[in-house]
Amino acid sequence: MSLKIENLTIYYQTIAGNVRALEDASFSLADGEIMGVAGESGCGKSTLSNSLIYLHAPMKYIRGRVFLDGEELPIHDTQKMNPFRYKKISVIPQYAMNAMNPTKKIGRMVEDLLKSRGENYKEILPEVKNRLELVKLSPDVLNMYPFELSGGMKQRMVMVISTLLDPSLLLADEVTSALDVSSQKAVAEMLVGFRDKKIVKSIMLITHDISILYQTANTIMVMYAGQLAEKASTETIIKAPRHPYTKLLISSLPTVGVRISENRLAGIPGNPPLLLNPPTGCRFRDRCPVAFAKCAEVPPFVEIEKGHFLACWKEGKAHA
Amino acid sequence: MLKIEDITKTYKTGTFGGKDLKAVKNVSFDIHDGEIVSLIGESGSGKSTIGKMILRLISTTSGKIYFNDKDVSLLKDSELKEYYRHVQGVFQDPFSTYNPIFKADRIFSVLHEEFFPHIPASEWKGRVDTALKSVGMNPAHVLNKFPHQLSGGQLQRFLIARALLLDTKFLVADEIISMLDASTRIDVLNLLSDLRSKGLSVLFITHDLSLGYYISERAVILYKGSVVEIGETKKIFDNPVHPYTRMLMSCVPRLDKKWQDVEVELTEKKPMTANGCVFYERCHSEYKLDECAHQSPALVEVEPNHSVACVCCKG
Ligand SMILES: Nc1ncnc2c1ncn2[C@@H]1O[C@H](COP(=O)(O)OP(=O)(O)OP(=O)(O)O)[C@@H](O)[C@H]1O
Ligand SMILES: Nc1ncnc2c1ncn2[C@@H]1O[C@H](COP(=O)(O)OP(=O)(O)OP(=O)(O)O)[C@@H](O)[C@H]1O
Ligand code: SF4
Ligand SMILES: [Mg+2]
Ligand SMILES: [Mg+2]
């Protein structure tokens, strides 16, 4: 088992109080698994990803344990996490492609990074070139500045950099959202290629674009307002979701072939709750069409069928 | 309603403005009353440039834009103000439109002062409430808040409400939903469609083809500033003819079909042939000819209300 997370709870400390961005997340990721993480803006996707790699203020560790390839990750200690970063676990942060240092040539950036990890640039250079070829970039990019690359090229460069030391787990946060459809497809397929070539063992692919996940992910985990709602195979989440939120989310997606004149889709009435003072129990409760008294308690995230996890009192019971 | 005739935009680039960049090349199309037209193309294809020329935020290098048969470039003073009463734009990033120091609903009071000083405050408030309700918001929940206290979708709907207050007949909607969540997206799209049935026309700029398919009657496919395919949305999507449109269609992530094994041509920054087909370098069509490098193909009707600019449909 590649990644195992138990009760991970992360808050943001603000003057107004704690923002409860991730609450008791427990799930695991198998070797070779590409797991999509989906959910509305602000539901805690980036918090989950960032806390696994660099848990710093105002983020605050509340509780929970994380195991990668059987070894516990000291995520609450940024110093102790150092040896794990890039080598065991690596991230492509949201907005990374716009955060590249504009004054440094790409090659210099790679060199500095390797040095900081105690690696020798010259020795690794041939492999760097191999990897560039994998993502269809010419070695010339090493002599260029970030502004000389298009968005798609930058994103592919960031992919190469973050996977150079063959991490076991790659966290990819919204890597396709700023790209147009043809670059999206290329980048998504390259990520799958990295897994197939065993450059990385497993990938957590975070995006709110579910149709991208349908193309690439083996499983999808849906989050709502800091809580896990459902995790299952991609086919199950798209074709037979059980959580009321997942159902509404999937049915609100326009896809080519659906026209408003023939098939008017519906959104989800209401807004997600603020996480500063979230409601008790299931946080989807006041938007949920099937909520009942029991939902004032937090529904446990349980396996209702092999590989299908669900946190819902109604659906969980109906199909237990 | 709006007619675009052979417009071109050349930007001066380089340190001393010594280089020319043709961002939009000889584009023509029109938008009828109560019609939504999608303008689709990849990043840098010139979509926003066209939107900005319509809104007169930038000038055209050549060509004409007519609004109800009036040449937009000639409008002055009161005529121009009148134009902005009817033609409005909403842009991609709702946050950038707001000043974080002021409450978000300040956009409404500014509008009041600027366009409707003669309307008493109480009546104006009633109008604002009505506009907010028609974009699906409860005024009590959203008024009197700072931008950071509202979601992207709410801020975006504020801007649409603002356009409604102005008696907007034509809306340039530039990537207005790419920042929004799936469930909010559909609300905004449905809203645009409801407004259309009340007579609003929309230029819907997007690079998400499924959104364009969902909402628009007609679509314009833009590549490097040139229209490569234009016509009824359904015809273009069901029967894409231009090699670029076909490539786009094969890349759209769908929920009913997995990506086919087609290679995406990633050559992005190659120099353009001066007067050949804009898609020449990336084209893998079986119909590709040597002449494509030197002669840019004109739009040819391939079926009623569906035209394509490619040698493959010349004869
Ligand atoms: N630095 C911070 N201080 C306080 N609250 C924060 C901070 N960063 C994030 N939050 C809050 O934590 C919650 C989770 O945010 P997070 O960035 O993880 O969401 P996300 O799912 O990644 O959203 P998006 O899809 O927009 O990237 C949100 O309610 C957000 O407002
Ligand atoms: N003010 C400007 N000066 C010089 N070049 C510009 C200017 N504005 C845009 N361009 C260039 O014109 C071309 C078209 O830009 P435009 O913003 O219209 O594209 P777009 O289709 O809206 O792209 P996106 O999907 O990224 O918004 C691009 O190559 C861009 O770099
Ligand atoms: S637990 Fe209750 S409120 Fe939450 S999704 Fe299930 S039925 Fe709805
Ligand atoms: Mg995020
Ligand atoms: Mg644009």
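Just so it is clear, the structure is predicted and the values come from calculations on it, not from any experiment. (Residues numbered from 1 in each chain as written. Chains lettered and ligands numbered in written order. Predicted model: local features only at pLDDT ≥ 70, side-chain atom pairs only at ≥ 80, totals over all residues. Heavy atoms only, no water.)

Here we look at the overall build of chain A
A tally of helices and strands in chain A yields 10 helices and 12 strands. In terms of C-alpha radius of gyration, chain A reaches 20 Å, essentially the compact-globule figure of 20 Å for 320 residues. Oriented by its inertia axes, the alpha-carbon framework of chain A measures out at about 65 × 50 × 40 Å. When burial is assessed residue by residue, chain A has 56% of its 320 residues classed as buried. When contacts within chain A are restricted to residue pairs at least 6 apart in sequence, long-range pairs at least 24 apart make up 65% of them. With an accessible surface of roughly 13400 Å², chain A has 53% of that area assigned to carbon and sulfur atoms. In chain A, which carries 39 positive and 33 negative side-chain charges, the distance between the mean positions of the two groups comes to 2 Å. (Helix = DSSP H or I, 4+ residues; strand = E, 2+ residues; numbered from the N terminus. Rg over C-alpha atoms; globule rule 2.2 N^0.38 Å. Buried < 20%, exposed > 50% of the residue type's maximum accessible area, 1.4 Å probe, protein only. Contact = heavy atoms within 4.5 Å. Areas by Shrake-Rupley, 256 points an atom, 1.4 Å probe, with all protein chains shown as cover. Lys, Arg positive; Asp, Glu negative; His and termini not counted. Charge placed at Lys NZ, Arg CZ, Asp CG, Glu CD.)

A closer look at the overall build of chain B
Of regular secondary structure, chain B possesses 11 helices and 12 strands. Computed over the C-alpha atoms, the radius of gyration of chain B is 21 Å, within 12% of the 20 Å expected from 2.2 N^0.38 for a compact globule of 315 residues. Sequence-distant contacts, at least 24 apart, represent 63% of the contacts inside chain B between residues at least 6 apart. Total accessible area computed for chain B in this model is approximately 14400 Å², and 51% of it derives from carbon and sulfur atoms. Each charge sign in chain B was given a centre, from 39 positive and 40 negative side chains, and these centres are 4 Å apart.

Concerning the coordination of the magnesium ion (ligand 4)
All names here are of chain A. Within the first shell, the magnesium ion (ligand 4) binds the protein through Ser46 (OG) and Gln94 (OE1), at distances of 1.9 to 2.2 Å. With Ser46 in helix α1 (residues 45-53) and Gln94 in the loop between β6 (89-92) and α3 (106-116), this residue pair connects regions lying 48 residues apart in the sequence. Overall, Ser46 belongs to the buried group, its relative accessible area being 19%. Accessibility expressed as a relative area gives 27% for Gln94, which makes it partly exposed. (Donors = N, O, S within 2.8 Å, 3.2 Å for Na, K, Ca; no water.)

Focus: the layout of surface pockets
All names here are of chain A. Quantified by volume, the second largest pocket comes out at close to 660 Å³. Tyr86, Val91, Pro93, Ala96 and Leu113 are, among the 20 residues lining the second largest pocket, the residues nearest its centre. Listing elements by their share of the lining of the second largest pocket, those giving two or more residues are α1, β6, α3 and α5 (151-163). A breakdown of the residues in the lining of the second largest pocket according to their chemical character gives 12 nonpolar, six polar and two charged. (1 Å grid on protein atoms, 1.4 Å probe; cavity = no way out; pocket = protein on both sides within 12 Å on 5 of 7 lines; lining within 4 Å. Points joined across faces, edges and corners; volume = space filled by probe spheres on them. Nonpolar A, V, L, I, M, F, W, Y, C, P; charged D, E, K, R; others polar.)

Focus: the packing of aromatic side chains
Where two aromatic rings form a pair, the distance of their centres and the angle of their planes describe that pair. Across all of its chains, the model carries 14 aromatic pairs over all chains by this definition. Among the aromatic residues, ring-to-ring pairing joins Tyr224, Tyr245 and Phe284 of chain A into one connected group. Sitting over the ring of Tyr214 of chain A, Lys258 of chain B keeps its end group 4.3 Å from the ring centre. Over the ring of Tyr280 of chain B we find Lys288 of chain B; its NZ or CZ atom is 4.3 Å from the centre of that ring. (Phe/Tyr/Trp six-rings, centres within 6.5 Å; stacked < 30°, edge-to-face > 60°. Lys NZ or Arg CZ within 6 Å of the ring centre and 35° of its normal.)

Quick look at the domain arrangement of chain B
Residue and element names in this part refer to chain B. Split by domain assignment, chain B resolves into domain 1 (29-60 + 68-237) and domain 2 (239-315). Residue-level contacts link 18 residues of domain 1 with 23 residues of domain 2. Taking both sides of the interface into account, the surface hidden between domain 1 and domain 2 amounts to around 1800 Å²; carbon and sulfur atoms contribute 57%. For the pair domain 1 and domain 2, the number of links is one salt bridge. Counting only elements with at least two residues in the side of domain 1 that touches domain 2, the list comes to β9 (218-223), β10 (226-232) and α10 (233-238). The dominant element in the side of domain 1 that touches domain 2, judged by the number of residues it contributes, is β10, at seven residues. Among the residues forming the side of domain 1 that touches domain 2, the class breakdown is 10 nonpolar, three polar and five charged. (Domains from an automatic or database assignment. Buried area = accessible area lost by both parts, 1.4 Å probe. Salt bridge = Lys/Arg side-chain N within 4 Å of Asp/Glu carboxyl O.)

A few points about the confidence of the model for chain A
Averaged over every residue, the pLDDT of chain A is 92; residues scoring 70 or more account for 99%. Confidence scores differ between elements of chain A, with helix α10 (residues 313-318) of chain A showing the lowest mean pLDDT of 81 and strand β10 (residues 227-233) of chain A the highest of 98. (pLDDT = per-residue confidence, 0-100.)

Side note on the side chain of Gln215 of chain A
Relative to the helices and strands, Gln215 of chain A resides in helix α7 (residues 210-216). Engagement of the side chain of Gln215 of chain A in a polar contact is seen with the backbone oxygen of Arg254 of chain B, the distance being 2.7 Å. Setting aside residues up to four positions removed in sequence, Gln215 of chain A forms contacts with Pro253, Arg254, Lys257, Lys258 and Trp259 of chain B. (Polar contact = N/O pair within 3.5 Å; in protein donor to acceptor, adjacent residues only side chain to side chain.)

Some details on the environment of Lys201 of chain A
Residues and elements named next belong to chain A. Mapped onto the secondary structure, Lys201 falls in the loop between α6 (181-196) and β8 (202-206). Overall, Lys201 belongs to the partly exposed group, its relative accessible area being 36%. Along the primary structure Lys201 and Leu170 are separated by 31 residues, whereas in three dimensions their C-alpha atoms are 8.0 Å apart. With near-sequence residues (within four places) excluded, Lys201 lies in contact with Asp31, Gly32, Glu33, Asp69, Pro167, Ser168 and Arg195. Polar side-chain contacts of Lys201 include one of 3.3 Å to the side chain of Asp69.

Structural notes on the interface of chain A and chain B
Of the residues lining the interface, 47 residues belong to chain A; the matching set on chain B comes to 46 residues. Together chain A and chain B conceal approximately 4000 Å² of surface at their shared face, both sides included; 58% is due to carbon and sulfur atoms. Inspection of the region where chain A meets chain B yields two salt bridges. With a shortest N-O distance of 3.8 Å, Glu235 of chain A and Lys258 of chain B are connected by a salt bridge.

Some words on the sheet that holds strand β5 (residues 71-72) of chain A
Residue and element names in this part refer to chain A. An order of β2-β1-β4-β5 is seen for the four strands of this open sheet, with the pairing classed as antiparallel. Across the chains shown, the open sheet's two edge strands, defined by having one partner strand only, are β2 (17-29) and β5. In terms of strand pairing, strand β1 (residues 3-14) meets β2 through eight bridges, oriented antiparallel. Residue Tyr12 lies in a different strand from β2, and its bridge partner there is Val19. In this fold α1 packs onto β1, β2 and β4 (59-68), with an angle of close to 105° to the strand it touches most, β1. (Pairing = 2+ DSSP bridges. Axes fitted to C-alpha atoms, helices over the stretch in contact; angles between N-to-C directions.)

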